[in-house]
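# A look at the structure
So you can see what is in the structure, the chains are spelled out below.
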Number of protein chains: 2
Amino acid sequence: MNLRSYLPILEWLPSYKKSWLKGDIPAGLTVGVMLIPQGMAYAMLAGLPPIYGLYASIIPLILYAIFGTSRQLAVGPVAMVALLIAAGVGTMAETGSDQFIALAITLAILVGIIQLAMGVFRLGFLVNFLSHPVISGFTSAAALIIGFSQLKHLLGINIPRSNHIHEIIGNAIANASAINIGTVIVGVGAIALILFVKKIKFAIPGPLLAVVFGILAVWGFGLFDQGVKIVGNVPDGLPAFTMPAFDLASIKELLPIALTISFIGFMESIAVAKAVQAKHKDYRVEPNQELIALGLANIGGAFFKAFPVTGGFSRTAVNDQSGAKTGMSSIISAVLIALTLLFLTPLFYYLPKAILASVIMVAVFGLIDFKEAKYLWKADRADFWMLLATFIGTLALGIEEGILIGVVLSLGMLIFRTTTPHYAVLGKIPGKPHYRNLNRFENLEHRKDVLIFRFDARLYFANVSFFRQNFEKEMEKAGDQLKLVILDTDSMNGIDSSGVHALKDFADFCKSKNIEFYLVGMKGPIRDIAHKSGLIDSLGEDKFFFRIQHAIDSFDNVKERRYKKYALQTDET
Amino acid sequence: MNLRSYLPILEWLPSYKKSWLKGDIPAGLTVGVMLIPQGMAYAMLAGLPPIYGLYASIIPLILYAIFGTSRQLAVGPVAMVALLIAAGVGTMAETGSDQFIALAITLAILVGIIQLAMGVFRLGFLVNFLSHPVISGFTSAAALIIGFSQLKHLLGINIPRSNHIHEIIGNAIANASAINIGTVIVGVGAIALILFVKKIKFAIPGPLLAVVFGILAVWGFGLFDQGVKIVGNVPDGLPAFTMPAFDLASIKELLPIALTISFIGFMESIAVAKAVQAKHKDYRVEPNQELIALGLANIGGAFFKAFPVTGGFSRTAVNDQSGAKTGMSSIISAVLIALTLLFLTPLFYYLPKAILASVIMVAVFGLIDFKEAKYLWKADRADFWMLLATFIGTLALGIEEGILIGVVLSLGMLIFRTTTPHYAVLGKIPGKPHYRNLNRFENLEHRKDVLIFRFDARLYFANVSFFRQNFEKEMEKAGDQLKLVILDTDSMNGIDSSGVHALKDFADFCKSKNIEFYLVGMKGPIRDIAHKSGLIDSLGEDKFFFRIQHAIDSFDNVKERRYKKYALQTDET
């Protein structure tokens, strides 16, 4: 490890080419322009005043550009993390209060420390335990929850905060008489505008146009007098250096949500970073360094009033498509946000909250993934159920619980599969020394005196009885003529001490029945254990063969030798 | 399933042969005679008056004889379950009080219902998750805890109940001045006697001789006047039918310990039943029916004042060695205990508690298993650490916690192993069409244009990045001349949707580098998924081969065909 692997900016900044600016400048400006409405929207989603979304879009971007290994990843506020903040901090303080803000910033420090520690201790591999179906089911459910949480802003009514969609819809219907028509028109109009701009692939981002349209509509038609809720006074200036509050009691309470955000945030970030990196060959995304970079971005940001951030899907895609070559693009975005904070905040006074809600809704509903579910239904039924369980678990029980259900189910399924693995009884391909599953191929040669059993799993404590039971069952089926059983270990990729016990026991069992027991094709790791555990010594070296055909040839030769005395018998000596 | 599989007694009782009595009678009498001291000792260990050990040795034995599939298993009070009762019920009521007794009997019903339900729902396979190292580590630790818990009876002093050995020893030392010499002499004498009788393989069981010796010594020398604690008044007569107490609050509190006892009890019982069955070929132990039998034994027993029972190691071994042929032996034992209760209880008045303690100590210290630990240290280091962790966890944290640690560690290790599986780069055995690990064998042929990669695990969500990373690493090592990569799926025994994604991605990656990517030797279950998921369609049928040599031959032929135009070129057409 050299300095460059800790400071990936050294990979590109010293050799920065002027021509890269042709990509980095437009990409940085586009992402910056997207960040203004998105940042404010996600801050609102998290339960913070919108301006905090801009605070979270300066320092973290610069720190990621220095420490991150992806050159296109756009770090900043994202919907999923914002929702987790709202859910976690919402139980500890009133949404939007000073205490809520202080806790959200403390949360950023905690998330940063956890991610940094995970990176330093090289725990990035843990993210591998989130399987694709689990991520897909979780994301779709979270998108629904996030989308519906904005219904109150879109309709201009009061709906108590809830992570249960049926409650949100029920409350919305109960309050239907209070719906503010002006708010609905602005919000739905903005959604239509964003979708239309997306469809015609217009150069200026839809959300920004929606913000302009919303401000003009409220200001022009005086809609705020008709009850359309607006952002109101936005303080100007950059976020000052502030020591985050740090008391032990709230840290303890924040810890579970901090762990969840660290994990989910990293997962979202690494997924999109890897997806984009696949198209670029000039660098490599290194998961543990990514954790360090996100950790430092969150820690550093927290000292300048930022709430937890991570790398987001949509802005990263835009950044890449706009031609970003290096982290310079992110630095340009950060500068644009800083300029906005210095000079443009008065413009946001008339910005209706319904516009921010529409930005969120369009963003998250795009994340709902029906195609994956349909594909899995066809290709891998077990994974489909995993997706559905995570989806329903997230909707019914909550965000952290949903993920936990998915992970536990996935690992449980893995374990269950290894306890009742596939096995096959093999027959010979006519004229060839190769053996295949008798149940799958016709015309295989099958000798009555030989049983060839292939066990398709690591042989370990949880499946030794399954192994023994089914091997014996096949021996019974084979009947009395059976003289040789062969265990093909071709697809056995491991064995533990219980497995060794089981093989020794089984060898004794065969001996008691006067049946030969041969083992074939042991892989290196199994050979090692077979030697150390005394399996080879106790069975005898002559029971182990390289290939099935060798074992059978050897058995036939021994048989021939047994009859040698008849062939050579004489009474004359 | 016919009636016989629900009532295994029908397998042997209708065809009972007179000659079997020659085995069943001595075995039944021997086990019954053992049961008297053991039953009383384990009742004391559980925190109940000794007589309850005899109550638990009648009805359960008869019920097991009717419903159990093992013909030698000796059901009744056992040390491990007794300790769990003491630990679980001890926090809810004062040891030996009427409430304690009522709770212990309610516990028996709960255990019975849980075991019955597990059997009916065919959950017997769950016991497979207790690996041999975990059982060994747990048993050794529990034996130490049980043994030391009897120190107070052996020394005749008061030691507060504790599951922590260091506390027990500390308290014993602190109270050393109060040690009762008479008690120590009786207790240590009994231990010596039992060990001696065991050594010379005397016909009468050591514990029974110790009981007789203890009663005579106390009675003859008037030791009870010198502070040797005795059992005292023992009520005579059979246990009457009594409705167990059944209130919801205590059931809720008893549930965790009931689950533990159900599981541990079944595990101990099935382990010994299978071990003994291996020597007999006239019947089969069926785990789910065993659960049903133990469940009914516990439920039925509870109506006659029995505390939870299970099949025990030592008495089962004695039963088998004494020649037991069928469950008739158990019925004879039960009759002997009933006769004892009717006529012999006055004899137990002078029985010193130190004798019962010595019976327990000798029994459990024999369960401590150093040999297994030593074997694992040599044969399977990971399993050794698992044993040690379970051992230390049980001693330091508690009985249930120790087992839980062992199971979680074993499964965690299994998962961890599949996330970083073994893989190999293969080379050709000279002159043969077979391929083996280049790192393990010398003289293998290795072509610079071909990389053959074997992945020794199910390809699934938690190892797809490991797969990709190491495959790419090997490709980089192979260098620029690489033209063909082959994935040998020989020891890949499964694939999930994430694995399919990874293979498709990897094929694209190879295409982008102008390298051919072939798959070889897919097993049936993988072929099924490869078809359904569209993997075969998207890669093309011509990329899949039966054997590595076929793939390479085909590649070479294609190469030859590419040069065909040079071979056949003409300007004349």
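Whatever comes next refers back to the structure up there.
Since the model is a prediction, treat every value here as computed from it, not as a measurement.

Listed as interface residues are 60 residues of chain B and, on the opposing side, 60 residues of chain A. Note on chain B versus chain A: buried area summed over both sides is about 5,100 Å², and carbon and sulfur give 55% of it. For the pair chain B and chain A, the interface holds eight salt bridges. Between Glu 472 of chain B and Arg 284 of chain A there is a salt bridge, and its shortest N-O distance comes to 3.1 Å. On inspection of chain B and its partner chain A, the count reaches 22 residue pairs in polar contact (both at pLDDT 80 or more). When residues of the side of chain B that touches chain A are assigned to their parent elements, the largest contribution, seven residues, is made by helix H20 (residues 399–419) of chain B.

In terms of nonpolar packing, the biggest core is built from 242 residues, with Leu 48, Ile 85, Leu 107 and Leu 351 of chain A together with Leu 48, Ile 85 and Leu 107 of chain B touching the most fellow members. Each residue touching Leu 351 of chain A, except ones within four places of it in the same chain, is listed here: Met 40, Val 211, Ile 215, Lys 229, Ile 230, Val 231 and Leu 356 of chain A.

Residue and element names in this part refer to chain A. It is the contact of helix H6 (residues 79–89) with helix H7 (residues 98–120), at a shortest axis distance of 11 Å, that shows an interaxial angle of 120°. Here H6 is positioned oblique relative to H7, judged by the angle of their axes. For H6 against H7, the interelement crossing comes out right-handed. Contacts from Ile 85, Ala 86 and Val 89 in H6 reach Phe 100, Leu 103, Ala 104 and Leu 107 in H7.

Residues and elements named next belong to chain B. Summarising the element assignment, Pro 256 is placed in helix H13 (residues 248–277). Classification of Pro 256 by relative accessible area gives partly exposed; the value is 46%. Taking the C-alpha atoms as reference, Pro 256 lies 9.3 Å from Glu 400; in sequence the two are 144 residues apart.

As a general point, the strands of a sheet are linked pairwise by backbone hydrogen bonds and lie either parallel or antiparallel. All names here are of chain B. Spatial ordering of the open sheet is given by S4-S3-S5-S6-S7-S8, a layout of six strands whose pairing is mixed. This sheet does not close on itself; its edge strands, each paired only once, are strand S4 (435–437) and strand S8 (544–545). Pairing of strand S6 (residues 484–488) with strand S7 (residues 516–520) involves five bridges; the strand directions are parallel. Residue Asp 488 lies in a different strand from S7, and its bridge partner there is Val 520. Docked against the sheet, helix H21 (residues 464–478) engages strand S3 (423–428), strand S5 (450–455), S6 and S7, running at close to 155° with respect to S5. Across the sheet, helix H22 (residues 497–512) is in contact with S6 and S7; its angle to S7 comes to roughly 145°.

Once chain B has been moved 0.0 Å along the axis and rotated by 180°, it coincides with chain A to within an RMSD of 0.1 Å. On this basis, the relationship between the two copies can be described by a two-fold rotation axis. Considering only C-alpha atoms, the residue of chain B closest to the rotation axis is Ser 491 of chain B, which sits at 1.9 Å.

Here is what the cut-offs are and how they apply
- Residues numbered from 1 in each chain as written.
- Chains lettered and ligands numbered in written order.
- Predicted model: local features only at pLDDT ≥ 70, side-chain atom pairs only at ≥ 80, totals over all residues.
- Heavy atoms only, no water.
- Contact = heavy atoms within 4.5 Å.
- Buried area = accessible area lost by both parts, 1.4 Å probe.
- Salt bridge = Lys/Arg side-chain N within 4 Å of Asp/Glu carboxyl O.
- Polar contact = N/O pair within 3.5 Å; in protein donor to acceptor, adjacent residues only side chain to side chain.
- Helix = DSSP H or I, 4+ residues; strand = E, 2+ residues; numbered from the N terminus.
- Core = buried A, V, L, I, M, F, W, Y, C linked by side-chain atoms within 4.5 Å.
- Buried < 20%, exposed > 50% of the residue type's maximum accessible area, 1.4 Å probe, protein only.
- Axes fitted to C-alpha atoms, helices over the stretch in contact; angles between N-to-C directions.
- Parallel < 35°, antiparallel > 145°, perpendicular 65-115°, else oblique.
- Left-handed = near helix turned anticlockwise from the far one by under 90°.
- Pairing = 2+ DSSP bridges.
- Least-squares fit on C-alpha atoms with pLDDT ≥ 70 in both.

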